[in-house]
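# A closer look at the structure
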Amino acid sequence: MTLLSVVLPVYKVQGYLRQCLDSLLEQPFTDFEVVAVDDCSPDHSGAILAEYAARDPRVRIVTLAENVGLGQARNAGLDHAVGEYVWFVDSDDRLAQGALTAVADRLADTAADVLVVGFDRVHWDGRVSVPGAGRLLAEAPETFTAEEWPRILNTLHVAWNKVVRRDLLLKLGFRFATGWYEDVSFTFPLLAAAPRISGLSRICVHYRQRRTGAITRTLDDRHFEVFDHWAHAMTLVDQYSDSAEALRPVLFQRMIWHYLVVLRNAQRVRKASRRRFFDRITEDYHRYKPAAGYRVPPGAMGLRHRLVARGAFLPYRAMQRAIGAVRAADRVRYLPAIKAQGLARRVHQAVFRAYYRAQLRLPVDENLALYAAYWYRGVTCNPAAIARKAAELAPGVRGVWVVGRGRVGTVPPGTDYVIAGSLPYYRALARARWLVNNVNWPNWAVKREGTTHLMTHHGTPLKMMGMDQADHPAGAKDRDFHAQMRRADRWDFSVTANAHTTIAWERAYPCRHETLEVGYPRNDRLATATAADTAAVREQLGIRPHERVVLYTPTHREWLPPGRQVLDVEAFADTLGPGTVLLVRAHYFAVPDEHKAPARRGRIVDVSAYPVVEDLYLAADVMMTDYSSAMFDFAVLDRPVVIYAPDWAAYRELRGVYFDLVELPPGEVATTVTELAEIFAGGAYESAGAAAKRARFRRRFCYLDDGGAAERVVRRVLLGEAAT
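Residues numbered from 1 in each chain as written. Predicted model: local features only at pLDDT ≥ 70, side-chain atom pairs only at ≥ 80, totals over all residues. Heavy atoms only, no water.

## Notes on the overall build of the protein
Helix and strand counts for the protein stand at 26 helices and 23 strands. Structurally, the protein occupies a C-alpha span of about 95 × 65 × 45 Å along its principal axes. Expressed as a percentage of its 724 residues, the buried residues of the protein come to 55%. Taking all contacts inside the protein whose residues are at least 6 apart in sequence as the whole, residues at least 24 apart take part in 74%. When the accessible surface of the protein is summed, it comes to about 31300 Å², and 52% of that surface belongs to carbon and sulfur atoms. Taking the 94 positively charged and 81 negatively charged side chains of the protein as two groups, their mean positions are separated by 8 Å. (Helix = DSSP H or I, 4+ residues; strand = E, 2+ residues; numbered from the N terminus. Buried < 20%, exposed > 50% of the residue type's maximum accessible area, 1.4 Å probe, protein only. Contact = heavy atoms within 4.5 Å. Areas by Shrake-Rupley, 256 points an atom, 1.4 Å probe, with all protein chains shown as cover. Lys, Arg positive; Asp, Glu negative; His and termini not counted. Charge placed at Lys NZ, Arg CZ, Asp CG, Glu CD.)

## Brief notes about the packing of aromatic side chains
Applying the stated criterion across every chain yields a total of 38 aromatic pairs. A ring pair is formed by Phe174 and Tyr240, whose centres lie 4.9 Å apart and whose planes are at 85°; its orientation type is edge-to-face. Here Tyr240 lies in helix 8 (residues 225-240) and Phe174 lies in the loop between helix 6 (166-172) and helix 7 (184-193), a separation of 66 residues in the sequence. Owing to a relative accessible area of 6%, Phe174 belongs among the buried residues under this scheme. Aromatic pair Tyr356 and Trp444: ring centres 5.1 Å apart, planes at 80°, arrangement edge-to-face. Pair noted here: Tyr356 is in helix 13 (residues 343-360) and Trp444 is in the loop between strand 13 (432-437) and strand 14 (452-455), with a separation of 88 residues, a long-range link. An aromatic cluster is built from Phe352, Tyr356, Tyr376, Tyr425, Tyr426, Trp441 and Trp444, whose rings are joined through pairwise contacts. Sitting over the ring of Trp257, Arg254 keeps its end group 3.9 Å from the ring centre. Directly above the aromatic system of Phe659 lies the positively charged group of Arg700, at a separation of 5.7 Å from the ring centroid. (Phe/Tyr/Trp six-rings, centres within 6.5 Å; stacked < 30°, edge-to-face > 60°. Lys NZ or Arg CZ within 6 Å of the ring centre and 35° of its normal.)

## Considering the pattern of salt bridges
One pass over the full model with this rule turns up 41 salt bridges. One salt bridge in this structure joins Lys389 and Glu392, with 3.2 Å as the shortest N-O distance. One end of the pair is Lys389 and the other is Glu392, both in helix 14 (residues 381-393) and 3 residues apart, which spans about a single turn. A salt bridge links Arg507 to Asp468, with the shortest nitrogen-to-oxygen separation between them at 2.8 Å. Note that Arg507 is positioned in helix 17 (residues 499-508) and Asp468 in the loop between strand 14 and helix 16 (481-488), a separation of 39 residues in sequence. Like Arg507, the residue Asp468 is buried in the burial classification. Three or more residues joined by partner-sharing salt bridges are found here, namely Arg74, Asp90, Glu182 and Asp183. (Salt bridge = Lys/Arg side-chain N within 4 Å of Asp/Glu carboxyl O.)

## Thoughts on the nonpolar core
Ranked by internal contacts, the top residues of the largest apolar core, which has 69 residues, are Phe88, Val114, Ile152, Leu169, Trp230, Phe277 and Ile281. Discounting chain neighbours no more than four positions away, the residues touching Phe277 are His223, Phe224, Val226, Phe227, Tyr259, Val262, Leu263 and Val269. If you look at the next biggest cluster of nonpolar residues, it comprises 42 residues, including Val10, Cys20, Val117 and Val163. (Core = buried A, V, L, I, M, F, W, Y, C linked by side-chain atoms within 4.5 Å.)

## So, unusual backbone geometry
When glycine is set aside, most residues are seen to have a negative phi, and most peptide bonds are trans. Look at Tyr374: it is not a glycine, yet its phi comes out positive at around 50°. Relative to the helices and strands, Tyr374 resides in the loop between strand 10 (365-372) and helix 14. Using a relative accessible area of 15% as the deciding quantity, one classes Tyr374 as buried. A positive phi angle, near 60°, is found at His457, a position not held by glycine. Within the element layout of this structure, His457 appears in the loop between strand 14 and helix 16.

## Points about the confidence of the model for the protein
Model confidence for the protein is summarised by a mean pLDDT of 91, while 93% of its residues fall at 70 or above. Throughout residues 334-341 the model reports pLDDT below 50, and contacts reaching past four residues in sequence, or to other chains, amount to 2 contacts. (pLDDT = per-residue confidence, 0-100.)

## Some details on the environment of Gln349
Within the element layout of this structure, Gln349 appears in helix 13. Judged by its relative accessible area of 30%, Gln349 is partly exposed. Gln349 sits 41 residues away from Ala390 along the chain, and the two C-alpha atoms are 33 Å apart.

## Side note on the pairing of strand 10
Bridge analysis of strand 10 against strand 13 gives 5 bridges, and the strand direction is parallel. Directly across from Tyr371, in strand 13, lies its bridge partner Val436. The β-α-β motif built from strand 10, the intervening helix 14 and the parallel element strand 11 (residues 398-403) has right-handed crossover chirality. (Pairing = 2+ DSSP bridges. Right-handed = clockwise from strand over helix to strand, strands pointing away.)

## Describing the side chain of Gln27
Examined against the element boundaries, Gln27 turns out to sit in the loop between helix 1 (17-25) and strand 2 (32-38). A polar atom in the side chain of Gln27 sits 2.9 Å from the backbone oxygen of Ser23. At 3.3 Å, the side chain of Gln27 and the backbone nitrogen of Leu100 are in polar contact. In this view, Gln27 contacts Leu95, Ala96, Gln97, Gly98, Ala99 and Leu100; residues no more than four positions away in its chain are not counted. (Polar contact = N/O pair within 3.5 Å; in protein donor to acceptor, adjacent residues only side chain to side chain.)

## Digging into helix 16
With 6 of its 8 residues buried, helix 16 lies for the most part within the structure. Contacts from the buried residues of helix 16 go to helix 17.

## Considerations on the packing of helix 20 (residues 569-576) against helix 24 (residues 673-681)
Their axes nearest at 9 Å, the elements helix 20 and helix 24 cross at an angle of 30°. It follows that helix 20 is roughly parallel to helix 24 by the angle criterion. You can see that helix 20 and helix 24 cross each other, and the crossing is right-handed. Across the interface between the two elements, Phe572, Thr575 and Leu576 of helix 20 pack against Leu676, Ala677 and Phe680 of helix 24. (Axes fitted to C-alpha atoms, helices over the stretch in contact; angles between N-to-C directions. Parallel < 35°, antiparallel > 145°, perpendicular 65-115°, else oblique. Left-handed = near helix turned anticlockwise from the far one by under 90°.)

## Description of the sheet that holds strand 12 (residues 417-419)
Strands sit in the order 12-11-10-13-14-15-16 across an open sheet of 7 strands; the sheet is parallel. The outermost strands of the open sheet, each flanked by one partner alone, are strand 12 and strand 16 (514-517). Here the strands of the sheet are splayed against their neighbours by 25° on average, with no regard to which way each runs. Strand contacts of helix 14: strand 10, strand 11, strand 13 and strand 14, with the helix running at about 145° to strand 10, the strand carrying the most contacts. Packing against the sheet, helix 17 makes contact with strand 15 (493-496) and strand 16, and its axis sits at approximately 135° to strand 15.

Have a look at this one:
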C-alpha cells in the first residue's frame, strides 16, 4: 500500500502551482501519490496539472464539473486516495526539502493516527517568520491524546499541518463542511477523537502569506461563517470525544482567540459589520463558556475577554485604537532619516509637484492617452504598437508621448510629445484618461478615479521578476517590494504574451488587475512581416543583400561590474568570417539616454541605441543571445536562434528563472566560445534539429502572436469592448 496520499485542491493558483508540485515531486522520499483535485479552476491550473501528470505517474487528477469550494474538493480527493495516510496540502504552499522523509520516519516511529507538523510563514514581501508551533510540538510527548496533552489544541487549526491515518477518517466519517473556515470543524473534532497523536517540530510546510487572493485578505461578510464552523466543531467534539468536558476550557479560549483575530483584521470584516461581529462573539462567549469556569488570559487578551463578556463594543474599539496608536508611534521612532538633498533641486521639485497636485484637481481629459516606454527612452515597444492601432480604431483619442530630453531626436515626425520633467509632462500625467506604459510610472504618480492604467510590460520572462526576486537577492535591483506592489496596484490591465507569462505575473505581481492574455502588440509587425519588409530594413541599415546578419542581444547581469562583458565581441566576429555582419545591441541599462546612430567597425555594427528593435529583428538572419527576452519576440519570425550560456548555472542560481532554458531552448545552445563558433561554422544553427527545438519553443510562447494583439488591447481598454 502507498504510504501517503497528498490531496491537493486546486483553484486559481496558476502562479504557485508549479512551485507546489515541484516541492512534492522533487522530494527524495517517493512512496506517495498526489491526488490533485481541479475544482473547475478558470485559469491555467488545469493545464499545469495535465503537464505534470503526463510526466509523473504519481500525479492523479480528479476533475470536478463545477466549483465546489475547498472543503468539498478535499472530500473528493479523499474519496480517490489510496494511501495509508492522507495529507491535505494547499496548492499555493510548498513543502520544505526532506519533509516527506521526516514525516515518514516519524510515522514509522510512532504509529500515530494524526501527525501535526511544523511550518513557517513565507510573507509576500520576502520575509519569513517562524511561529511558536515548532517549539510547542518539540515539548509534546512522543504520542498522546488531546485529553493527555490539551496544548495540542493551540496549534494552528488548519488541515495542511496534519497528516492523518485514512482509516480513522473513514471510521469516524469525518468530512469537510462547506464554506469558509472549514478547517475549524475538521481539525478540533479530529484532534479530540484521535487515539494516538504525535508532533513533528521540524518545518515541513512553507505557508504562503498571499498579498491577494486568500480569504484572509478578502473583505466580505462571509467571515461570519466562522461562527457556524465553531458551533459545528463543538457539536462534533461532544459527539466523538469522551473527554469533551475536560477539553472545553482550552477549546473555548481558542475559539475566542480565533474570533478576535478575525475581528481585528481590517482586511476581513467590513467596518460596518464589526459591531455585529462583536455581538456574535459575545453570544458565543456566553453559550460556550465552561460551566466550571476557565482561566482568563493575562494582559490585553484578558481585558478583551472581559469586554466581550460585557458586550462592550465601544470600549473594545477604543482599546484597539489605543494599541494601534502606540505601535504606530514605535514605527515612526525607527524610521530612517531622510537624506539631505541639494536646496535648488528640492525647491524645483517642490514647485513642479505642487503644479502636479493642482492639475489633479482639474477634470480628467477624457480624450487624452499618455504613452511612455522604458523610462521615457522613446516611441517604442508595446505602447507604440498600441498607439498606432488606437489612432486607427479610436481616432477621437489624442495620443501624447513622454520622452526624455536626450531622446527627442528619435520621436517620429508628427508625434505629439512632452519632455519628461517639464510642466506639460506633469499636466498630462495628472489629467490623462489612459496611461499606457511598459514600465511603472513614478512612485509619486497618483491613480485618479476615472482613469485607466495599462501595463504592457516589455518581455516574456525567463528571469524572475517582481515578488519572485525575493528569493534571489543578487539579481534584485529593487528590493523595496512594498513600493513595487504599490506601483503595480495602480494597474487596471496587464498585457501578457502567453499563458507562461500570465502564470509568472500572477505570483510576481499579486495585485488586483485584469490580465489581457492576447499576445504582445509589438510583435504584430513581426507576425505579418514580408520579405519586402526585411529587404527595406536591411537597405535602411546599409546591409547588402548577400550578407549574413547575426544579431547579438546579451542581457544584463546585476552582479557584474559595469562594462564587464561575457563575450569578446571582436574576437567572436573574427570567427564568423567574411560576408557576415554582427549587429550588437547592448541591454538598455547600458545605453546612454542620448540617441546615437548605429556605428560600424568592420563587420561589427553597434545598434544599442537604435530606437526600433523590431527593425533589427527583421534585418537579422539569426539571433544570438544568452537570457534576453528578445528571443521570445524573435522566435515569432521563425528564424534561427542560438543561445550562448557560459554562466547558465550561476545565472539560474543568482537571478532565478521560470524554466530551464537549456531543456527548452529556441535553438542550439553553446556554453563556450569554441562551441559557439562551431555552431556557426558548421551550420548547426539552421539544422533540422535546431528547427525542431524552435518549433517546440514557438508552440509554448508564440502561439498568440498572430498580428492582432494591438487591436485586441485597444478594443478592450480604449473602446471598452468585452474581452473575447
